[in-house]
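# Coordinate analysis (summary)
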Amino acid sequence: MQRTTHRRLLARPVVVSLAALVALTATSCAKSEDDGASDTTSSAAAGSEQKVAEPKPGSKTCTIDAFGGKKLDLENATVGFSQSEKEANPFRIAETQSIKDEAKKRGVKLLTANAQSQFSKQISDVQDLLAKGADLLVIAPLNSDGWEPVFKAAAAKKVPIVTIDRKINAAACKDYVSFIASDFVEQGKRAADQMIEATGGKGEVAILLGAAGNNVTTERTKGFKDQIAAKAPGLKVVFEQTGDFAREKGQQVTEQLIQSKPGIKGIYAENDEMGLGAVAALKGAGKKAGAVKIVTVDGTRNAVQGIADGWISGVVESNPRFGPLAFQTLDSFTKGDEVAQDIIIQDGAYTPDNAKSDIAKAY
């Protein structure tokens, strides 16, 4: 998950359950207009579907009446999907495929656009989706700030927006309907627990930060640091540098790290791609598997295989299969039902104990 400008620490979102998710039904083939729709095997079928965490007391909801929209039949609507990043990253590939698969399953007309990791392009992409007649929008934001032009254009047409994976800094049930994602602070804490176990809770560790400008990076960092401070004061974070959620950059940063901090004991990579870049750097430096403990977040097959091969100590899952939950949220909302403003999914984990047996669940 991944890419650019201002940092802001956001409040940890609340959790809400959508029982209707289990009622998903198949329909005819989707009418698709996109930049290269694929008929590949369903991404959801290859792994585990997202599960929603139980609600917390006081969880806020949204209805179409409160939002100011109009009821409609999702099957007859046009849904626009804006992807933020180049689909060279397995997370983005699986995320987009899941959206396409669910649209096809439901017979919903889908328009798609890819911002290619350029925020100005994503803004114009969404405006173009609105101009092409999108009745509903699903957005995987590149940045958390700067969405005012989109909100203004969507509000003029009363088009509801569901955001996935990264949070937009705006008013829920006014600018957008729902935000669907993992609990990123919790992911950071769980990664810290894996690092503590792998290192014995002592030594110097480094963080390969994700990209600036979104809540994923700030929250995964906060969770990791808070948990280290609370549970393992003998572990010291002595190096932090962004790897932009990219494998090549993760490798470059790790090459610098092992030159400047040759005694480093562990590396927390805030996504798998950077973690795999770190593995490449360690191999290039002649290090043995496991000499430096690596913990990552995502759950790609390459990273899980890295656990089986001894190069990675643990992976906290971040499930990218948003299609069923995003469309169920839109379906419930457009029928007039209440939906949660913050929908938090439950994630699993991969360890040396389950990597080989559970690799088929990875993406």
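Scroll up for the structure.
Residues numbered from 1 in each chain as written. Predicted model: local features only at pLDDT ≥ 70, side-chain atom pairs only at ≥ 80, totals over all residues. Heavy atoms only, no water.

### Some points on the overall build of the chain
If you tally the helices and strands in the chain, you get 12 helices and 16 strands. Long-range pairs, those at least 24 residues apart, make up 81% of the contacts in the chain with a sequence separation of at least 6. With an accessible surface of roughly 14200 Å², the chain has 50% of that area assigned to carbon and sulfur atoms. (Helix = DSSP H or I, 4+ residues; strand = E, 2+ residues; numbered from the N terminus. Contact = heavy atoms within 4.5 Å. Areas by Shrake-Rupley, 256 points an atom, 1.4 Å probe, with all protein chains shown as cover.)

### Things to note about the nonpolar core
By size, the foremost hydrophobic cluster in this structure holds 49 residues, and its most contacted members are L137, W147, I161 and I312. Within the second largest apolar cluster, 26 residues are counted, among which are A103, L136, I164 and A340. (Core = buried A, V, L, I, M, F, W, Y, C linked by side-chain atoms within 4.5 Å. Buried < 20%, exposed > 50% of the residue type's maximum accessible area, 1.4 Å probe, protein only.)

### Thoughts on helix α3 (residues 90-106)
Taking 1.5 Å of rise per residue, 17 residues should cover 24 Å, and α3 covers 24 Å from first to last C-alpha, within 8% of that figure. In terms of burial, α3 is a largely internal element, 14 of the 17 residues being buried. Where α3 begins, the side chain of N89 points an oxygen toward the backbone nitrogen of F91, at a separation of 2.8 Å. Looking one or two residues past α3, G107 carries a phi angle of roughly 70 degrees, positive in sign. (Expected span 1.5 Å × (residues − 1). Polar contact = N/O pair within 3.5 Å; in protein donor to acceptor, adjacent residues only side chain to side chain.)

### Some remarks on the sheet that holds strand β16 (residues 349-350)
Ordered in space as β10-β9-β11-β12-β13-β16, the six strands form an open sheet in which the pairing is mixed. Where the open sheet ends on each side, the last strands, each with one partner, are β10 (235-242) and β16. Inspection of the sheet shows strand β9 (residues 203-209) paired to strand β11 (residues 266-269) by four bridges, in the parallel sense. Residue pairing for β11: L208 is matched across the bridge by A269. Along the sheet face, helix α8 (residues 247-260) touches β9, β10 and β11 and points at about 135 degrees away from the line of β10. With respect to the sheet, helix α9 (residues 272-284) is in contact with β9, β11, β12 (293-298) and β13 (314-317), its orientation differing from that of β12 by roughly 155 degrees. (Pairing = 2+ DSSP bridges. Axes fitted to C-alpha atoms, helices over the stretch in contact; angles between N-to-C directions.)

### Some words on the packing of aromatic side chains
For the structure shown, the criterion picks out four aromatic pairs. With a centroid separation of 5.8 Å and an interplanar angle of 80 degrees, the aromatic rings of F67 and F333 are classed as edge-to-face. Within this pair, whereas F67 is found in helix α2 (residues 64-67), its partner F333 is found in helix α11 (residues 323-334), the two being separated by 266 residues in sequence. In this pair, the class of F67 matches that of F333, namely buried. (Phe/Tyr/Trp six-rings, centres within 6.5 Å; stacked < 30°, edge-to-face > 60°.)

### Some details on the packing of helix α4 (residues 119-131) against helix α5 (residues 148-156)
A packed helix pair is summarised by two numbers, namely the angle formed by the two axes and the spacing between the axes. At a minimum axis separation of 9 Å, α4 and α5 run at an interaxial angle of 5 degrees. Between α4 and α5, the angle is such that the two are roughly parallel. In contact with I123, V126, Q127 and L130 of α4, α5 contributes P149, V150, A153 and A154. Classifying every residue of the contact of α4 with α5 gives seven nonpolar, one polar and no charged. (Parallel < 35°, antiparallel > 145°, perpendicular 65-115°, else oblique. Nonpolar A, V, L, I, M, F, W, Y, C, P; charged D, E, K, R; others polar.)

### Re unusual backbone geometry
With a phi close to 60 degrees, F245 is a non-glycine residue in the positive phi region. Tracing the backbone shows F245 in the loop between β10 and α8. Take F245: its relative accessible area is 1%, and that puts it in the buried class. With a phi angle near 155 degrees, D298 is a residue other than glycine that sits in the positive phi range. Here D298 is to be found in strand β12.

### Regarding the pattern of salt bridges
All told, the structure shown has 16 salt bridges when counted by the stated rule. Close ionic contact of E95 with R92 constitutes a salt bridge, the shortest N to O distance being 2.8 Å. Of the two residues, E95 and R92 are both situated in helix α3; the distance of three residues between them amounts to about one turn of the helix. The residues E95 and R92 share a single accessibility class, namely buried. Across the pair E102 and R106 runs a salt bridge whose closest N-O atoms are separated by 2.9 Å. Separated by four residues within a single helix, E102 and R106 lie in helix α3, roughly one turn from each other. (Salt bridge = Lys/Arg side-chain N within 4 Å of Asp/Glu carboxyl O.)

### Focus on the environment of T199
Among the secondary structure elements, T199 is positioned in helix α6 (residues 184-199). Given a relative accessible area of 7%, T199 falls into the buried group. Sequence separation between T199 and I294 is 95 residues; the distance between their C-alpha atoms is 9.8 Å. Setting aside residues no more than four positions away along its own chain, T199 makes contact with L235, K265 and K293. Within polar-contact distance, the side chain of T199 engages the backbone oxygen of M195 at 2.7 Å.

Function cannot be read off these values alone, since they describe shape.
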